[in-house]
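The chain contents come next:
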Amino acid sequence: MFASTHPLARTGGRAALAGAAALTAALALAAPAAAHAEVEADRPQALAENVTLSFVSEAESSSAGFTSLRIVLPEGVAPGDVTLGQAPENWKLTATRDGYTVGGPALKSGVDAEHTIKVRQLPDARELVFKTVETYSDGKISRWIELPTGGEEPEEPAPVLKLKAAAPGAKPVSPGPTESPTPGAAEPTPSAATSRPAASTAAGDKAADDDGMSSGVLISVIVVVLLVLGGGVWWLVTRRAASSRS
């Protein structure tokens, strides 16, 4: 009796280990990229003036480097209110209809893209959203433009800057000069700037839906693989048990 059950247990254990390994590999393929885009401020306060914003786009390609970043400015921050601070060597800022592009010679693969801008004045809001579109030297485009919906965190969240309440007596300054976008400058994929708590715009939703569909298909394949493995283990255990009884 004991001699027959031990091989059965070993066989079941090996099958379980194989299934676990398959699940681990599948989940690794399904997991979203760890890279992301972020924004910080030296004075994150509503109505603060001459604020420096720092942007970091983490590299997610091992074979290509960044060539440009497309930033959509939130409501209350005009392209003419922004000037470039620090940026990769020979990168330039170009104003667009609702934001700006900063880019230049391709960075080395694996190198994060970092730049700073100075904003004339932050708007009176609780938080600001800076939708970001990244372009690599091989033509790949990453869109960090998604906002939380239904309490769920998006896979490619847009950079969000939370602001403290305005200082007592702080008031909006007069509007700054409006700069026209450079002729021929590419328009952003997301078509509208966003200032929270406003709802997410429809721009860029199609790209997010496409990514969601791809993830859904991959997850379905994982489920099928696990079901097949589970069925195989059950059949093998049942057959071994029947053999031991006979």
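Before any of the text, the structure's been laid out above.
Residues numbered from 1 in each chain as written. Predicted model: local features only at pLDDT ≥ 70, side-chain atom pairs only at ≥ 80, totals over all residues. Heavy atoms only, no water.

Student: I tried to follow the overall build of the protein chain on my own but got confused; where do I start?
Tutor: Broken down by element type, the protein chain carries two helices and 12 strands. Per-residue burial over the protein chain gives 34% buried out of 246 residues. Pairs at least 24 residues apart make up 74% of the contacts formed inside the protein chain by residues separated by at least 6 positions. Carbon and sulfur atoms make up 58% of the accessible area of the protein chain, which amounts to about 14,000 Å² in all. (Helix = DSSP H or I, 4+ residues; strand = E, 2+ residues; numbered from the N terminus. Buried < 20%, exposed > 50% of the residue type's maximum accessible area, 1.4 Å probe, protein only. Contact = heavy atoms within 4.5 Å. Areas by Shrake-Rupley, 256 points an atom, 1.4 Å probe, with all protein chains shown as cover.)

Student: Is there a simple way to think about the pattern of salt bridges in this case?
Tutor: When their charged atoms lie close together, side chains carrying opposite charge are able to pair. With the rule as written, the count across this model stands at two salt bridges. Across the pair Asp98 and Arg70 runs a salt bridge whose closest N-O atoms are separated by 3.2 Å. On the criterion of sequence distance, the pair formed by Asp98 in the loop between strand E5 (92-96) and strand E6 (99-103) and Arg70 in strand E3 (residues 66-72) is long-range, its members being 28 residues apart. Note that Glu127 and Lys162 form a salt bridge whose closest N and O atoms lie 2.9 Å from each other. Here Lys162 lies in strand E11 (residues 160-162) and Glu127 lies in strand E8 (residues 127-129), a separation of 35 residues in the sequence. (Salt bridge = Lys/Arg side-chain N within 4 Å of Asp/Glu carboxyl O.)

Student: Where do I start with unusual backbone geometry in this structure?
Tutor: For residues besides glycine, phi is generally negative; the peptide bonds are generally trans as well. Phi is positive for Asn50, which is not a glycine, with a value near 50°. With respect to the element layout, Asn50 can be found in strand E2 (residues 49-57). Assessed through its relative accessible area of 47%, Asn50 is described here as partly exposed. Backbone geometry at Asn90 places phi at a positive 70°, although glycine is not the residue there. Note that Asn90 resides in the loop between strand E4 (82-84) and E5.

Student: What am I meant to see in the nonpolar core here?
Tutor: Soluble globular proteins tend to pack their nonpolar side chains together in the buried interior. Membership of the largest hydrophobic core comes to 26 residues, with the highest contact counts inside it found for Leu53, Phe55, Tyr100 and Phe130. For this core, the secondary structure elements donating two or more residues are E2, E3, E6 and strand E7 (113-121). Ignoring any residue separated from it by four or fewer positions in sequence, one finds Tyr100 in contact with Phe55, Leu69, Arg70, Ile71, Leu73, Val82, Leu93, Thr94, Ala95, His115 and Ile117. (Core = buried A, V, L, I, M, F, W, Y, C linked by side-chain atoms within 4.5 Å.)

Student: In this structure, what is going on with the pairing of E3? I would like to understand it.
Tutor: Residues in a regular strand point their side chains to alternate faces of the sheet. For E3, a buried count of six out of seven residues is recorded, marking the element as mostly surrounded by other parts of the structure. Bridge count for E3 against strand E9 (residues 131-136) is six bridges, and the pairing is antiparallel. Bridge assignment links Phe66 to a residue of E9, and that residue is Tyr136. With five bridges joining them, E3 and E6 adopt antiparallel strand pairing. When the sheet's bridge partners are listed, Ser68 is paired in E6 with Gly103. (Pairing = 2+ DSSP bridges.)

Student: Which parts of the structure should I look at to understand the pairing of E9?
Tutor: Among the six residues in E9, five count as buried, and that is most of the element. Direction of pairing for E9 relative to strand E10 (residues 141-144): antiparallel, over a ladder of four bridges. Its bridge partner lying in E10, Glu134 is registered against Ser142. As consecutive antiparallel partners, E9 and E10 are separated by four residues, and within that stretch Gly139 has a phi angle of approximately 95°, a positive value.

Student: Got a minute to help me understand the side chain of Arg70 in this structure?
Tutor: Take Arg70: its relative accessible area is 7%, and that puts it in the buried class. Polar contacts involving the side chain of Arg70 include one to the main-chain carbonyl oxygen of Tyr100, which spans 3.1 Å. (Polar contact = N/O pair within 3.5 Å; in protein donor to acceptor, adjacent residues only side chain to side chain.)

Read these as geometric descriptors, not functional statements.
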